[in-house]
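What follows is the residue order along each chain.
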Amino acid sequence: MRILLEVNTISYKPYHFMAVELKEKFPEIVFAIAGGTHVAPKFYREQKDIEYQIFEPDDMGIDKKDTDFDELKRFENELPLKSLWRLISADRKLGRSFLSGVSGYEYKFKNDRDIILNIAYNKINELNIIFDEFKPDLFIPAICNGGISVSIFDHLCNEKDIPYAVIQTCRVQNLFAFSSDKLLRFPNIDKTAKMFFQKKISIDLSMAEKLYNDIMSDLDDPDYFDLNNIRMQKVELTKTWSRIKYFYIIIPGVVVLGILDEIRNYIFRIYKTKSLYNHDSPSLLQRFRSIILQGIQKSRLSKPSFGEILPPDQKYLYYPLHTNPEYSTLIQGTMWQDQLMVVEILAKSIPSDWVVYVKEHPATVRFRTRPLSFYKRLKEFPNVVLAPTYMDMNSIISKSEMVAVITGTTGWEAILRGKPVINFSDHMFDAIGLSIKCTNIEKLSVDIFNEVNRIKKILPAERKRRIVCLLASMLKYGFRITYPKQLFYIEYANDEEHEVCGKELAEGLIKHLGYLEKEMGYDFGIHS
């Protein structure tokens, strides 16, 4: 069996320990790695545990004449959605012009169609060569990777009938499974959950019942749904000392580091590569502007006066803003990246006695910057109200009439609380019929009206039964990770924790391979 691992700075160590564990159990497996910064390939070259075939990123220069448009068109015609621009717009650099509600991430070729298509063409060729040369039986993408490569890898796997297996959370603490595509869907979990709740097959639900009870008892625990990780922690930039520290210590420090980084990048571009994609770094002026804007945003969004607490009798649809750019908006919600547009659509579709209650994602305060005009535009809608940034989300969900999401944990939390949910992208909970996906914005107002009334008719016992069936399916195909925050680089991990994650990933992958062999007809020559 031949396994191709895509690696990055997050996944390269746990993936290595996973490979070591798999190699011990199945010595015939051959591994190759692709992608990663220079740190990852260096690690794989120097380690002595396994011999890998290493495909380092190809830092191609740009030659507009080099693009074979006939080949590019052939690739595009084979895409399920028939447009290469959907792939490009999901890349935060190549698709920078499509990013909305975002400051930073500037790319000087963002308006140059020829260069963008040339880079896309070269990347398609590069990844095609890797697949043709290594001939993998299984492809495992890097954790938390984005960019155009995600969609190209996904398409190549479909085209060549190679299983795509990316690790993803089941939105249940420490429970993970391997997803089969870039949209992070679980067709195995969905299909089995539906068969469970439709009573087409029977299974012992006792473990799922226990898990359900555990979830419901911990539903308001901020650590259960990862609300205590560093990305979500409250920013304090309202006091005098915190402002002095930020604007007179942190900003000058960033400027100094930026100058050093600018010199390093200049030398690297001259002596190492001609790539205009990977090394077109923001200028020092852009970095300085970005850090100033981020400071202003932190100061504004962390103020208690930012946002409004609604009167107790005010009905509302809750829409939590997604951080952007992020995998959830770029890859999973490509057509919904413009969240001002999403809010406007919702505002045009809700009943007259509702408002759309919009809350900023706490991680945006720390790690992203929106234009100053973004919140001003939200406030211009007469039936849209901004919530305080750090208002308790559990309370907001519980008091809402309905919750709308592109994708993400908030929709799942709303379902657990018995709320109607409308989502704009596919989600694992779709299978149990407790939510609705928006497929036609012209009929969204009708969908909202009908969904609220439909969900009211589902009795609590039936709702619980469906959720338990979904949890039973998750347990059937999923596996536990002891250090999920370390695996996804939310918290620092030492080598011992990386090794534990790697071994658990190996066990989970063996379980997934068993599913692929028994239920999907693949033959890897190994047995789980």
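Refer to the structure above for everything that follows.
In this text, all values refer to a predicted model and were calculated from it rather than measured experimentally.

## So, the overall build of the chain
Within the chain one finds 20 helices and 13 strands. Within the chain, buried positions represent 54% of all 528 residues. Restricting to contacts in the chain with at least 6 residues of sequence separation, those with at least 24 account for 72%. Total accessible area computed for the chain in this model is approximately 24,300 Å², and 54% of it derives from carbon and sulfur atoms.

## A few points about the sheet that holds strand E13 (residues 479–480)
Strand order across the open sheet formed by three strands is E5-E6-E13, with antiparallel pairing between neighbours. The outermost strands of the open sheet, each flanked by one partner alone, are strand E5 (166–172) and E13.

## Details of the packing of helix H8 (residues 206–217) against helix H18 (residues 460–477)
Relative to each other, H8 and H18 sit at 110°, their axes nearing to 8 Å. With respect to H18, the element H8 is oriented roughly perpendicular. Note on packing geometry: the crossing formed by H8 with H18 is right-handed. Along its contact with H8, which presents Met207, Ala208, Glu209, Leu211, Tyr212, Asn213 and Ile215, the element H18 presents Lys464, Ile467, Val468, Leu471, Ala472 and Leu475. When grouped by side-chain class, the residues that make up the contact of H8 with H18 number ten nonpolar, one polar and two charged.

## Side note on the packing of aromatic side chains
This structure, assessed with the given rule, holds 18 aromatic pairs. Plain terms: the ring middles of Tyr477 and Tyr515 are 5.4 Å apart, the flat faces sit at 75° to each other, and that makes the pair edge-to-face. Of the two residues, Tyr477 sits in helix H18 while Tyr515 sits in helix H20 (residues 495–520), which places them 38 residues apart along the sequence. For the pair formed by Tyr477 and Tyr515, the shared burial category is buried. An aromatic cluster is present here, built from Tyr12, Phe31, Phe43, Tyr44 and Tyr52 joined pairwise through their rings. The ring of Phe134 has Arg2 sitting right over it, with the charged end atom 4.3 Å from the ring centre. Lying over the aromatic face of Tyr477, Lys476 brings its terminal NZ or CZ to 5.3 Å of the ring centre.

So, how was this worked out
- Residues numbered from 1 in each chain as written.
- Predicted model: local features only at pLDDT ≥ 70, side-chain atom pairs only at ≥ 80, totals over all residues.
- Heavy atoms only, no water.
- Helix = DSSP H or I, 4+ residues; strand = E, 2+ residues; numbered from the N terminus.
- Buried < 20%, exposed > 50% of the residue type's maximum accessible area, 1.4 Å probe, protein only.
- Contact = heavy atoms within 4.5 Å.
- Areas by Shrake-Rupley, 256 points an atom, 1.4 Å probe, with all protein chains shown as cover.
- Pairing = 2+ DSSP bridges.
- Axes fitted to C-alpha atoms, helices over the stretch in contact; angles between N-to-C directions.
- Parallel < 35°, antiparallel > 145°, perpendicular 65-115°, else oblique.
- Left-handed = near helix turned anticlockwise from the far one by under 90°.
- Nonpolar A, V, L, I, M, F, W, Y, C, P; charged D, E, K, R; others polar.
- Phe/Tyr/Trp six-rings, centres within 6.5 Å; stacked < 30°, edge-to-face > 60°.
- Lys NZ or Arg CZ within 6 Å of the ring centre and 35° of its normal.

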